[in-house]
Amino acid sequence: MSDSPAPTDDLVDFAEGLRWNLPRNFHDQLTEAIYTESTCIAERTVAREGESRRLDWQHRIDRLVTNPLTGFPIMGLVFAAVLWITIIGANYPSGWLAWLLTEEAYGWLRPLAFGALPNWLAGLLVDGMFLATGWVISVMLPPMAIFFPAFTILEDLGFLPRVAFNLDRVFHRAGAHGKQALTTAMGYGCNAAGVIAARVIDSPRERLIAILTNNFSLCNGRWPTQILVASVFLGSLVPAHLAGFVATGAVFAVALLGFGLTLLTAWALSRTVLRGEASTFSLELPPYRPPNLWRTLYTSLIDRTLFVLWRAVVFALPAGAVIWLVANVMVGDQTIAHWVVNGLDPLGLFLGLNGVILLAYIIAIPANEIVIPSILMLTVLMTGQGENWAEAGVMFETGDEGVKQILAAGGWTVLTGICLMLFSLCHNPCSTTLYTIYKETGSAKWTALSALMPTVIGFVLCAAVATIWRLTVG
Amino acid sequence: MSEACPPSACDGCRAVRGELERLGLKLATFDHVVALAGNPNTGKSTLFNRLTGLRQHTGNWPGKTIARAEGGFGYNGSRYKLVDLPGTYSLRSASPDETVAREFLLFGQPDLTVVVADATSLERNLNLALQILQVTDRVVLALNLMDEARAHGIRVDARGLANQLGVPVVPCSARSGEGVDDLLVEIEGVTKGTVPTRPYRLKLAVPGAAAALEQVVARLRARYPKLPNAEWIALRLLEGDRAVAARVADGSIGQLQPDAAERVAVPA
């Protein structure tokens, strides 16, 4: 509506003409007339009885939470605590699910399928699709079932607007809109949701900044990757009782880096292609409200967790089939996977990664959730490890220690783990998010930029870290 | 929940309470359209969920509902379509979420608008309520978050407020369900016309602008004789509101009718 050209109409023109002769502060006077009346009515109908201890208590908390000195440490601590609870809490259920789905159920299904179906079909269905799905469920479900409700409880409490309030200043300085704090927070759940949430930003310039930089908020498809890699490669560097803290610290650092990149790219965009002044807005701090615990758990489990899990499963099924096919279809004397991985290896190694990781990221364009399963399955195939246990193209989960063994045999080092965490943060958004960006912006150009910008940053970041690592650590 | 209800504006006149039937997304047929409007973060979505049985995500931060959500409920044999509008502070400026709310109130022609107001900060909430009363006759004010207001030691004279605004005022707490029965009684009464409303129309007389306003109103009335809220439209034009100007220019403003016999499609 607001973008429509000024209409030509005699009545509208007439009113336009009259506007020149109106009192200068016409608009303000109208506002004031409404406000005065509201105040009048409120004075006649509202009575306050004494001092409210609850309000007093809320103000005291707000002073701490929104103070520039104490606010940021509190935010960081709360966020780290949520991460830590997720990492520690997700470990065991993940192991049980993996045992149930990828060992027991798989071990029972596989002979059954190979007995009844042609080998290629049994392989495609069980070794490809079933295992990919089983893996996705065991890796994704536990962290999401903890992270989402925890996040929703913070939201219901009224903590989120305080975060937005604190970050407003920071975003403003970066040339972005303060409300981007909210879209960034939404992005920590799902980037597509974060992109849609950018509708709350009125200015088209600032809305685009929010959309283009949302990918730097780690989404639920990437948290499990971060958590797993941090636990396997960094947590294992220290004694077991410290592993949880080191892993949490590493994931927290990556999330913090993502936030830094959000600000940095927003700043760069607002000074180049999206130049302009940041607009101001008023943000109301809602009262702290006791979260409705059961309802929160129910809605965040049913609506968010199961919804995202369903999406992951829907993408894992065909991806499992694709992985099985590239790992089994021969072209010349090698499988497709061999050709691609060998071709990508030089670039991958230069980035501190490897060809398998890059191929996995190509297969996982539809959903970040399937990166880790793809990597493991391809690694097993390339190194020929799985031959005693199962045929080529089979994914299996044998716990953190098993994951480490598989990857170490694939030539992985601590550097590979670090670079994978960085690349997981900085690469193209998933296809759902890209499609959402296209729908929201209506522009192929901005959609392309939103895919290219993080990928280029990821390449540069990984190459720099790998080069420095090789020069110093060796 | 088991707490005694606060005095309602309509304690004496309640006959028999009906049964609420949550219809969720079953919207194939309905008898009345009810809009939920109000400032951000006053509990519109919570009330929406309570009435429809849907689980529209609610969150404790302003600006959560971006598009409008629809659901249904049945009460005393009538089926109502409930439309949850994005929270707004005003009907005057035209940011995207405010436009969604305003367009629906004006052109969606709901049979009734429930203005959800935060009892803990009534003054600020009245700004919007007064503006909504300028554009529509059938309004019920839901004085929500009464539990919080009580905890803060705030008392609101609902009966006095109802007298001044000329529409029913129902203290309630959508989260616990307190007062929702009373709200349904009023929704039914105003929709069916058994509870008359005399909405308070704020006179927005700005010195020096009266003549201009009169001229624009006269021209609007000449072109659209049935226009129910010509003063408000005229004020928007004098404020240079482009969205309203476009509606006047393309004639769609003429679809505004005092009797909502003919319903127009609402752009989402």
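Residues numbered from 1 in each chain as written. Chains lettered and ligands numbered in written order. Predicted model: local features only at pLDDT ≥ 70, side-chain atom pairs only at ≥ 80, totals over all residues.

**Q** Would you mind going over the overall build of chain A in detail, with residue names and values included?
**A** Helix and strand counts for chain A stand at 19 helices and 3 strands. Within chain A, the fraction of its 474 residues that count as buried is 46%. Expressed as a percentage of contacts within chain A between residues at least 6 apart in sequence, the contacts between residues at least 24 apart total 74%. (Helix = DSSP H or I, 4+ residues; strand = E, 2+ residues; numbered from the N terminus. Buried ≥ 20, exposed ≤ 12 C-beta atoms within 10 Å, placed from the backbone. Contact = placed C-beta atoms within 7 Å.)

**Q** Can you break down the overall build of chain B residue by residue, with the values?
**A** Helix and strand counts for chain B stand at 9 helices and 8 strands. For chain B, the proportion of its 268 residues judged to be buried stands at 53%.

**Q** Explain the sheet that holds strand β1 (residues 20–24) of chain B to me, and be specific about the residues and the numbers.
**A** Residues and elements named next belong to chain B. Here 7 strands make up an open sheet; going across it, the order is β1-β3-β4-β2-β5-β6-β8 and the pairing mixed. Only two strands of the sheet have a single neighbouring strand rather than two, namely β1 and β8 (169–171). Neighbouring strand axes in the sheet, compared pairwise and without regard to direction, differ in orientation by 25 degrees on average. Here 6 bridges tie strand β5 (residues 112–118) to strand β6 (residues 139–144), and the two strands are oriented parallel to one another. Each residue of the ladder has a partner; that of A117, found in β6, is L143. Against the sheet, helix α3 (residues 122–135) touches β2 (32–38), β5 and β6, its axis set at about 165 degrees to β5. (Pairing = 2+ DSSP bridges. Axes fitted to C-alpha atoms, helices over the stretch in contact; angles between N-to-C directions.)

**Q** Now, about the interface of chain B and chain A: what can you tell me, with residues and values included?
**A** Counting residues at the interface gives 56 residues for chain B and 54 residues for chain A. Per-class residue counts for the side of chain B that touches chain A are 29 nonpolar, 16 polar and 11 charged. (Nonpolar A, V, L, I, M, F, W, Y, C, P; charged D, E, K, R; others polar.)

**Q** Describe the pairing of strand β3 (residues 69–75) of chain B, with residues and values.
**A** Residues and elements named next belong to chain B. The buried count for β3 comes to 5 of 7 residues, which makes it a mostly enclosed element. Where β1 meets β3, 4 bridges bridge the pair, whose relative direction is antiparallel. Looking across to β3, one finds that G24 is bridged to G72. Across 7 bridges, the pairing between β3 and strand β4 (residues 78–84) is antiparallel. The partner of G74 across the bridge, within β4, is R79. The antiparallel hairpin formed by β3 and β4 contains 2 residues in its connecting segment, where N76 sits at a positive phi of about 50 degrees.

**Q** With reference to specific residues and values, describe the confidence of the model for chain B.
**A** All names here are of chain B. Per-residue pLDDT for chain B averages 81, and the proportion of residues at 70 or more is 82%. Below a pLDDT of 50 lies the segment residues 1–15, which in the model reaches 22 contacts outside its immediate sequence neighbourhood of four places, other chains included. Among the prediction metrics, the complex's ipTM stands at 0.81, with pTM recorded as 0.68. (pLDDT = per-residue confidence, 0-100.)

**Q** Would you mind going over the confidence of the model for chain A in detail, with residue names and values included?
**A** All names here are of chain A. For chain A, mean pLDDT is 83; residues scoring 70 or higher make up 92% of the total. Across chain A, the secondary-structure element scoring lowest on mean pLDDT is helix α16 (residues 399–409), at 77, and the one scoring highest is helix α17 (residues 414–425), at 96. Segment residues 387–395: pLDDT under 50, and 27 contacts once partners within four positions in sequence are set aside and those in other chains are kept.

**Q** Account for the packing of helix α9 (residues 204–213) of chain A against helix α19 (residues 444–472) of chain A, with residues named and values stated.
**A** Residues and elements named next belong to chain A. Two elements in contact, α9 and α19, have axes separated by 9 Å at closest approach and are oriented at 40 degrees. Judged by the inter-axis angle, α9 sits oblique to α19. In this structure, α9 meets α19 at a crossing whose hand is right-handed. Along the contact surface, α9 presents L208, I211 and L212, while α19 presents W446, L449, S450 and M453. Split into classes, the residues belonging to the contact of α9 with α19 amount to 6 nonpolar, 1 polar and no charged. (Parallel < 35°, antiparallel > 145°, perpendicular 65-115°, else oblique. Left-handed = near helix turned anticlockwise from the far one by under 90°.)

**Q** Can you explain helix α9 (residues 242–249) of chain B? Please cite residues and give values.
**A** Because an α-helix packs 3.6 residues into every turn, residues spaced three or four apart end up facing the same way. All of the buried residues in α9 of chain B are V244, A245, R247 and V248 of chain B. Burial along α9 of chain B is one-sided: seen end-on, the buried residues are contained in an arc of 160 degrees. Close packing links the buried residues of α9 of chain B with α1 (10–19) of chain A together with α8 (230–238) of chain B. G251 of chain B occupies a position one or two residues after α9 of chain B and carries a positive phi of about 85 degrees. (Arc of directions from axis to C-beta.)

**Q** Give me the lowdown on helix α7 (residues 210–223) of chain B, citing residues and values where you can.
**A** Between its terminal C-alpha atoms α7 of chain B stretches 20 Å, which fits the 20 Å expected from 14 residues at 1.5 Å a residue. Regarding α7 of chain B, the residues found buried are A212, L213, V216 and L220 of chain B. Along α7 of chain B, the residues classed as buried sweep out an arc of 100 degrees about the axis, all on the same side. Away from the buried face of α7 of chain B by more than 90 degrees, exposed residues A210, A211, E214, A218 and A222 of chain B are located. Where the residues of α7 of chain B are buried, they touch α1 of chain A together with α8 of chain B. (Expected span 1.5 Å × (residues − 1).)

**Q** Pulling in residues and values, what's your account of the environment of V46 of chain A?
**A** With respect to the secondary-structure elements, V46 of chain A resides in strand β1 (residues 46–48). You can call V46 of chain A buried: it has 20 C-beta atoms within 10 Å. Setting aside residues up to four positions removed in sequence, V46 of chain A forms contacts with L122, I154 and V156 of chain B.

**Q** Break down the packing of helix α14 (residues 355–363) of chain A against helix α15 (residues 371–383) of chain A for me, with residues and values.
**A** Packed helix pairs are characterised by how far apart their axes lie and by the angle those axes make with each other. Residues and elements named next belong to chain A. Closest axis-to-axis distance for the α14/α15 pair is 9 Å, and the angle between their directions is 135 degrees. Put simply, α14 runs oblique to α15. Note on packing geometry: the crossing formed by α14 with α15 is right-handed. Judged by residue contacts, V356, I357, L359, A360, Y361 and I363 of α14 engage V371, S374, I375, L378, T379 and M382 from α15. Residues belonging to the contact of α14 with α15 are distributed by class as follows: 10 nonpolar, 2 polar and no charged.

**Q** Please give an account of the nonpolar core that cites residues and values.
**A** Core analysis: the largest hydrophobic core is formed by 120 residues, its most contacted members being A132, V136, A360, I370, L378, C419 and L422 of chain A. The leading source of residues in this core is helix α5 (residues 119–157) of chain A, at 17 residues. Once residues lying within four places of it in the same chain are set aside, the contact partners of L422 of chain A are G458, L461, C462 and V465 of chain A. Among the nonpolar cores identified, the runner-up in size contains 83 residues, and A69, L141, I154 and V216 of chain B belong to it. (Core = buried A, V, L, I, M, F, W, Y, C linked by C-beta atoms within 7 Å.)

**Q** Before we move on, can you summarise unusual backbone geometry with the specific residues and values?
**A** Residue and element names in this part refer to chain B. Phi at N41 is positive, roughly 60 degrees, even though this residue is not glycine. Relative to the helices and strands, N41 is located in the loop between β2 and α1 (44–52). On the neighbour-count criterion, N41 (25 C-beta atoms within 10 Å) is buried. Unlike most non-glycine residues, L145 shows phi in positive territory, near 60 degrees. With respect to the element layout, L145 can be found in the loop between β6 and α4 (146–151).

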